[in-house]
Amino acid sequence: MALAMLLLSAPGPALAQDGATAAGATAEDGRPALPSVDDLRKQLDAIPRKLAEDDDGRKLLDEAAAIGTAADQVAARRTEELADIDSRLAGLGPAPEKGAPADAPDVAEQRASLAKQRSAVDSELKLARLVSVDADQRGNELIRQRREQFQAALTARTDSPLGRPFWRNLSTAAPLDAARLQGLGRELRQSVSSTLASDRRGGFIASLAAALLIALLGPWLAERLLVRVAPARLPSGRLRRSLRAAATVVINTLLIGLAAQLAWSVLKASDGFGESLDALAKASVQVTLFGAFVVSLGQTLLSRKRSSWRLPGVSDELAERLSPYPWWIAAGAAINGLVTEVNAIIGASLAAEVTVHALSALLISAVVMLALRHLRAPAPVAQEDGAQAEPAPPRPLWVGLLVACAAMASIATIALAVTGYVALAGTLARQMVWTGVVFATTYLLFQLGDDLCEALLSSKGSFGTRLNQGLGIEGRLLDQASVLVSGLLRVALLFYMVIALLAPLGTGPDEVFRRGSTVNHSLKVGDFTMAPQALFTAFAVIVTGLIVIRVIKRWLTDRYFPNTSLEPGMRSSITTLLGYVGGIFVVAVALAGLGISVERIAWVASALSVGIGFGLQAIVQNFISGLILLAERPVKVGDWVVLGDTEGDVRRVNVRATEIQLGDRSTVIVPNSEFITKTVRNMTLAGAPGRVLLRLPAPLDTDAERMRTLILEAFRAHEGILDTPEPLVQLEGIANGTLTFLAIGYVGNPRNAGGVRSDVLFSILASLKGAGLYLSPPATTSVAAPVVTGTPGTPGTPGTPTMPGDPASPG
């Protein structure tokens, strides 16, 4: 009974009206009148300090909170009045001192009146603040007692359904429970009979017929109407699917709820309709609404008949297999809720309530396990032509975690129900169903929010196109706004999803984030107390914070940055800095949860400064250098840099070192301080083109113009050489009987300069050989001029190699 009261209790009235000013009354200044402090104190004293088993703890908690809010309002009003009185007293001037002339009679009278008013207002202000503090303390005490009662009810053990005592107790209480149930049924039959015998008979029959038509034909007609209207009225794309799905769920739920309300409408006007029937009517309408919502949500997401309208990425076969389960889950949850409400209405025995909890827990667990059986990873489907079957696409990680948690919860529910922990098993089963409904609803709202943002803000949508053309807003900015708004909507939906998940437990957001520990024993080291809950809280903060940082970084990398004009290096720098700042913030919050204040962290840092000065100096230097690199970005990811003998592409800038990939695909890890303290050549910082520079020596009697023409032709013939700036060949100088030609060409990417240089050299050598020209030392490659006379084996004869310094050698 205590568990049922805790789970099924509804919020009570915000504030009792006994002795308070009637609603709608106003004070002299035109503002709403507030209750007196004495009335608030009486209402607070009426709240019991200790909860009994039959007390509605949630209602009492709401009343205490309302009393505290009213006391705060009274205190705020009296503070304003006190400030007004003080200003009026200041306007009268200081009171005359002893021996000074007295005030005028009217001034003295006014001063005395204001002083009396001030004393009364100040006294009421202090009392209001005291009531507010007492109400807050009473609320905290009620929360503690409710938590203790809830834990005691959950951990209470009864007879196992597998044993004889369980069924013996049920059979003993069955006659009395059946008599109470027959009494409720008799009351319902009398109400129906009196309605049929009165002049409301036609209305009753008409309402039942209308309810039946709405329940049976309403969803069918709504679906046909949406199928016809959606393609014509809604914009094409994903928004059409998500809007149609959301509209289907809302319309079907409202239609079924309207039908249930309509069926009870005429009976409620009869004379024999008492409180029991009114509670039964409210319970039946509520469970009907919930069942209709579950069925409509499940059938809409699976979309068995129209796969093109399906939002989740599931196959037609899987959707067909899962289609009956929304009906089964909705029926089980609705029957359980209705029977539980009926037991509460008729005051059924504890054995009946325990039986309902046990049977519903076992039924829901069995249905969930049957549904999970179809969610196993599908085997690859063999192709008709005998080709190798393609593996099924991997499902998201969160889906796998949800399936695993549901399986473990189902097994735990069955085990708890069998071993006698029926209350805990029933609560876990209901929470399992509620969690599935909340996750499915959140998924639908996620899709709807993303599609709305894309249709209304993205440059791809019609509205975004109008903004782009009418207001001149850049399309990329619209895409960024679409992604940002979508992310904010997801954060808000996640917050409300957490609140919705905790709703069946009667827990609000203030209780979720309320600090405090129920563990009395903790380890104390000096002034630092290590409570188990604080350790778990710090661990949860670190894990949750790191997951959130990872999700945000992935969202920036995969969704936001592709819609920006930021270069890859800047994206990597922002993501890395976000990871550092977020990690430091998460660690600071975790330490604060442990009770380690900022002052203690500063003390530890000052103690470590000595160690930093000796052993950690290089690490700190590299860390600071890494932050400078990420902030100033003289070297970023993707740049081609030359640092001493190291030349390659920057692949990653870490907190301590930078990774450079060389031409042979090996990686050199360079400390960040090297980029700050040494000279670094960045080949791609300003986007400058690469340069191919050749110095070609030739004999003094070489035809310089012909040589220049051949070199230019070789440069211009290569596709990698840019036309602008055009290549050039200059005569750099004459020394020791040698002409030195300086040839320069430009390439688009400095990384291609080596390959282009090699190709151009091959082409130049071939052209010179064909033209009868040749190079002379100090070139590493010499082309001998053909000689007609001479004998083989002698210097100058074709086919005989010549060496620098040889008498027959050129130059």
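Residues numbered from 1 in each chain as written. Predicted model: local features only at pLDDT ≥ 70, side-chain atom pairs only at ≥ 80, totals over all residues. Heavy atoms only, no water.

- An unreviewed UniProt entry annotates the protein chain as Mechanosensitive ion channel family protein of Delftia lacustris.
- Reading the Subcellular location (unreviewed entry) entry of the UniProt record for the protein chain gives the comment "Cell membrane".
- The heading Sequence similarities (unreviewed entry) in the UniProt record of the protein chain holds the text "Belongs to the MscS (TC 1.A.23) family." (UniProt positions renumbered as here; feature names shortened; annotations may be inferred.)

**Some points on the overall build of the protein chain**
- Within the protein chain, the regular secondary structure consists of 23 helices and ten strands.
- When the 811 residues of the protein chain are sorted by exposure, 34% land in the buried category.
- Sequence separation of 24 or more characterises 69% of the internal contacts of the protein chain that already satisfy a separation of 6 or more. (Helix = DSSP H or I, 4+ residues; strand = E, 2+ residues; numbered from the N terminus. Buried < 20%, exposed > 50% of the residue type's maximum accessible area, 1.4 Å probe, protein only. Contact = heavy atoms within 4.5 Å.)

**Digging into the nonpolar core**
- Ranked by internal contacts, the top residues of the largest apolar core, which has 24 residues, are Leu40, Leu44, Ile47, Ile67, Val131 and Leu142.
- In this structure leucine 44 touches Ile67, Val131, Asp134, Ala135 and Arg138, once residues within four positions along its chain are discounted.
- By size, the runner-up hydrophobic cluster in this structure holds 23 residues, among which are Leu696, Met707, Ile711 and Leu775. (Core = buried A, V, L, I, M, F, W, Y, C linked by side-chain atoms within 4.5 Å.)

**Focus: unusual backbone geometry**
- Residue proline 725 is reached from threonine 724 by a cis peptide bond, and omega for that bond is -5 degrees.
- Checked against the element boundaries, proline 725 lands in the loop between α22 (704–717) and β9 (728–735).
- Located in the positive-phi region is serine 303, a residue other than glycine, with phi close to 45 degrees.
- With respect to the secondary-structure elements, serine 303 resides in the loop between α8 (275–302) and α9 (316–322).
- Within the chain, asparagine 736 stands out as a residue other than glycine whose phi angle is a positive 55 degrees.

**Notes on the side chain of aspartate 450**
- Inspection of the secondary structure puts aspartate 450 in helix α13 (residues 422–456).
- A polar atom in the side chain of aspartate 450 sits 2.4 Å from the side chain of arginine 490.
- Every residue in contact with aspartate 450, bar those within four places of it in the chain, is listed here: Ser486, Arg490 and Arg559. (Polar contact = N/O pair within 3.5 Å; in protein donor to acceptor, adjacent residues only side chain to side chain.)

**What to know about the sheet that holds strand β8 (residues 690–699)**
- A sheet is described by the order of its strands in space; here three strands give the open sequence β8-β10-β9, paired in antiparallel fashion. Every interior strand has two partners, whereas the edge strands, β8 and β9, have only one. Sheet twist, expressed as the mean angle between neighbouring strand axes with direction ignored, is 20 degrees.
- For β8 and strand β10 (residues 738–747), the ladder comprises ten bridges, and the chain directions are antiparallel. Bridge pairing in β10 links arginine 691 to tyrosine 746.
- This element, α22, spans β8, β9 and β10 of the sheet and lies at about 20 degrees to β10.
- Strands in contact with helix α23 (residues 753–771) are β8 and β10; relative to β8, the strand with the most contacts, it is inclined by about 30 degrees. (Pairing = 2+ DSSP bridges. Axes fitted to C-alpha atoms, helices over the stretch in contact; angles between N-to-C directions.)

**Focus on helix α10 (residues 325–346)**
- Its 22 residues give α10 an end-to-end C-alpha distance of 31 Å, which sits within 8% of 32 Å, the value for a rise of 1.5 Å per residue.
- Along α10, the positions that sit buried rather than exposed are Tyr325, Pro326, Ala330, Gly332, Ala333, Ala334, Asn336, Thr340, Val342, Asn343 and Ile346.
- Of the residues one or two after α10, glycine 347 is the one with positive phi, at around 70 degrees. (Expected span 1.5 Å × (residues − 1).)

**Thoughts on the pattern of salt bridges**
- As enumerated under the stated definition, the model contains 16 salt bridges in all.
- Among the salt bridges present, the one from glutamate 317 reaches arginine 321, with a minimum N-O distance of 3.0 Å. Residue glutamate 317 and its partner arginine 321 are located together in helix α9, separated by four residues, close to a single helical turn.
- The exposed category is assigned to glutamate 317, whose relative accessible area is 56%.
- With a closest N to O distance of 3.2 Å, arginine 695 and glutamate 732 form a salt bridge. Placement of arginine 695 in strand β8 and of glutamate 732 in strand β9 is noted, with a sequence separation of 37 residues between them.
- What emerges from the salt-bridge pattern is a single network uniting Arg78, Glu81 and Glu124. (Salt bridge = Lys/Arg side-chain N within 4 Å of Asp/Glu carboxyl O.)

**Re the packing of aromatic side chains**
- Inspection of the entire model under this criterion finds six aromatic pairs.
- With 5.0 Å between their ring centres and 85 degrees between their planes, phenylalanine 166 and tryptophan 167 make a pair best called edge-to-face.
- On the basis of relative accessibility, which here comes to 6%, the residue phenylalanine 166 falls in the buried class.
- Seen from their ring centres, tyrosine 325 and tryptophan 328 are 5.1 Å apart, and the 70 degrees between their planes marks the pair as edge-to-face. In this pair, tyrosine 325 and tryptophan 328 are both assigned in helix α10, three residues apart and thus about one turn of the helix distant.
- Here tryptophan 328 falls in the partly exposed class, since its relative accessible area comes to 44%.
- Ring pairing ties together the aromatic residues Trp555, Tyr560 and Phe561, which thus form one cluster. (Phe/Tyr/Trp six-rings, centres within 6.5 Å; stacked < 30°, edge-to-face > 60°.)

**Concerning the sheet that holds strand β3 (residues 640–643)**
- Judged by pairing direction, the sheet is antiparallel, and its five strands sit side by side in the order β6-β5-β4-β3-β7 without closing on themselves. Since the sheet does not close on itself, it has two edges, and those belong to β6 (667–671) and β7 (681–682), each with one partner.
- Of the strand pairs in this sheet, β3 and β7 are connected by two bridges, and their pairing is antiparallel. Residue pairing in the sheet places valine 641 in a bridge with asparagine 682 of β7.

**A few points about the side chain of asparagine 336**
- Mapped onto the fold, asparagine 336 is located in helix α10.
- A polar contact of 3.4 Å, which involves the side chain of asparagine 336, links it to the side chain of serine 360.

**Remarks on a nonpolar patch on the surface**
- A cluster of nonpolar residues, Leu212, Leu213, Leu216, Leu217, Trp220 and Leu221, forms a patch on the protein surface that exposes about 630 Å² of accessible area.
- Tracing the chain through its elements places tryptophan 220 in helix α6 (residues 201–233).
- Owing to a relative accessible area of 44%, tryptophan 220 belongs among the partly exposed residues under this scheme. (Patch = residues over 30% accessible without salt bridge, like charges linked within 9 Å, V, L, I, M, F, W, Y side chains within 5 Å. Areas by Shrake-Rupley, 256 points an atom, 1.4 Å probe, with all protein chains shown as cover.)

**Topic: the confidence of the model for the protein chain**
- Per-residue pLDDT for the protein chain has a mean of 77; in total, 77% of the residues score no lower than 70.
- Averaged pLDDT values for the elements of the protein chain fall to 35 in helix α1 (residues 2–8) and rise to 89 in α22.
- A low-confidence stretch, residues 1–24 stays under pLDDT 50, and its non-local contacts, those more than four residues away or across chains, total 47 contacts. (pLDDT = per-residue confidence, 0-100.)

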